[in-house]
Amino acid sequence: MSGFVALIGRDLRLAWRSGSDALTLVLFFVMVGVIVPFAVGPDPVLLKTLAPGIVWIAAFLAMLLGLDRLFRDDFDDGTLMAMQHAEAPLALLIAAKVIAHWLLSALPLLIASPVLAMLLAMDVSTFLRTVLSLLLGTPALTALGTIGGAVTVSLRRGGLIAPVLILPLAVPVLIFGVSAIAPAMSVNSATTALLLLGALSLFLLVLAPFAAALALTVSED
Amino acid sequence: MSPVHGTPEDAPPRAIAVAGLGIERGGRTIIADLNFVVPRGEAMLLTGPNGAGKSSLLLALGGFIRPLAGRIDYVGRDAETRPFADVHFIGHRPAIKPRLTARENLQFMAALLGGPVGDVAAALVTVGLSHAADLDAGYLSAGQTRRLALARLLVAPRPFWLLDEPTAALDDEGAGLVARLIDAHLADGGVVIAATHHDLGLAANPESLALVALE
């Protein structure tokens, strides 16, 4: 268990010391929100309709961008080999990586989401639903990203392939994520979407460490 | 660095045994029908020209690549632990993170590998890095990075050591350090397999396995 905690601690510390990585994703996320009103016009009614979709697209792309750094460094410098010789099972250590990655790539987006809400003229209740749907949906994206990152880690240009690989799998997350906040939806169907989003996240979070562990053990071959 | 000892009389059997091992990389057979046993307290040096398969053999022994044929047995390994949880593999990639200090790197590695954690500060003194303990590991030289990687052998005591070019980038004093570490480990009843181009200068003359490049 000590390896689990140590790995989360190390990833957070590394990110804190390098600083810019997490900030880049947040800036990207906010920038999408800044650009859209210029592109579609500043009509508040239109923006309000588009807002859930825009927030999710911004979060989705930001998370895909951050995906490559999940295993790349550890693979390149040999830490992954040490992880395979650790006393803790590889899947458990990968679960630690998933948690650290969520904290470093999804949580900053959640924290930055009020800025986006303001730019897109969201009302408070839509904003709260947005935060909730991001909270329930981003773990699924992180989990899918973990699988994608693990499968492509030994490829030199894996950074570009992984997002393409998981894109089709991540589309359901996007669909339910947006339905959970779309103002056109009735309260009932929004709740259903939220529940499905949560179920998807739980399912993928359990599956991802094992799938990624399998992919990583053959990565040297 | 002591967990692996026991007097010779009551010592349980321990060895790395390889039988009929065949390894293929990139569709090319590089090792075929290899057999050897390295028993407790002994080292085996892998020698041979570049491309003879020294690193590949170590990777296979470490479980990182799947052998084409044959079997690898760690005799006397603790059946309670996960496979390879009592094997140290130190390869070309040192698993050292820049932006963490030398001490943090070692502390992390000890926690990651698990098991009884040795004395991190003492290990840094042994490998001659006590003065650089709080230095960002990104500023360490190649030789110092290698020393830090070797310090892992001390903070996470394990009986089986697989070392790929342990003296690479090290100065004469560092090469002596490697020899001292291995000698102490062997005296403790450990098993060492190391790929090297140099005479490591071990106390006892180790067995050596010369690999040849297969056509």
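Residues numbered from 1 in each chain as written. Chains lettered and ligands numbered in written order. Predicted model: local features only at pLDDT ≥ 70, side-chain atom pairs only at ≥ 80, totals over all residues. Heavy atoms only, no water.

Draft legend 1. Structural context of the interface of chain A and chain B. At the interface, 31 residues of chain A touch 30 residues of chain B. Taking both partners together, chain A and chain B bury about 2800 Å²; carbon and sulfur atoms supply 55% of that area. Applying the counting rule to chain A against chain B returns 4 salt bridges. Between Arg13 of chain A and Glu104 of chain B there is a salt bridge; the shortest N-O distance is 3.0 Å. Looking at the side of chain A that touches chain B, the elements that each hand over two or more residues are α1 (2-18), α4 (72-76), α5 (79-84) and α6 (90-119) of chain A. By residue number, the principal contributor to the side of chain A that touches chain B is α1 of chain A, which donates 9 residues. For the side of chain A that touches chain B, the class distribution of residues is 13 nonpolar, 8 polar and 10 charged. (Contact = heavy atoms within 4.5 Å. Buried area = accessible area lost by both parts, 1.4 Å probe. Salt bridge = Lys/Arg side-chain N within 4 Å of Asp/Glu carboxyl O. Helix = DSSP H or I, 4+ residues; strand = E, 2+ residues; numbered from the N terminus. Nonpolar A, V, L, I, M, F, W, Y, C, P; charged D, E, K, R; others polar.)

Draft legend 2. Layout of the packing of aromatic side chains. Residue and element names in this part refer to chain B. Applying the stated criterion across every chain yields a total of 3 aromatic pairs over all chains. Measuring from centroid to centroid gives 5.0 Å for Tyr74 and Phe160, while their planes differ by 70°, and the two rings are edge-to-face. Linking Tyr74 in strand β4 (residues 69-75) with Phe160 in strand β6 (residues 160-164), this pair joins segments that are 86 residues apart in sequence. Among the aromatic residues, those joined into a ring-pair cluster are Tyr74, Phe84 and Phe160. (Phe/Tyr/Trp six-rings, centres within 6.5 Å; stacked < 30°, edge-to-face > 60°.)

Draft legend 3. Molecular detail of the pattern of salt bridges. In this structure the tally under the stated criterion is 16 salt bridges over all chains. One salt bridge connects Arg10 of chain A with Asp11 of chain A, and the closest N-O pair in it is separated by 2.8 Å. Owing to a relative accessible area of 4%, Arg10 of chain A belongs among the buried residues under this scheme. In this structure, Asp68 of chain A and Arg72 of chain A form a salt bridge, with 3.3 Å as the shortest nitrogen-oxygen distance. Residues participating in the shared-partner salt-bridge network are Arg10, Asp11, Asp74, Asp77 and Lys97 of chain A together with Lys97 of chain B. (Buried < 20%, exposed > 50% of the residue type's maximum accessible area, 1.4 Å probe, protein only.)

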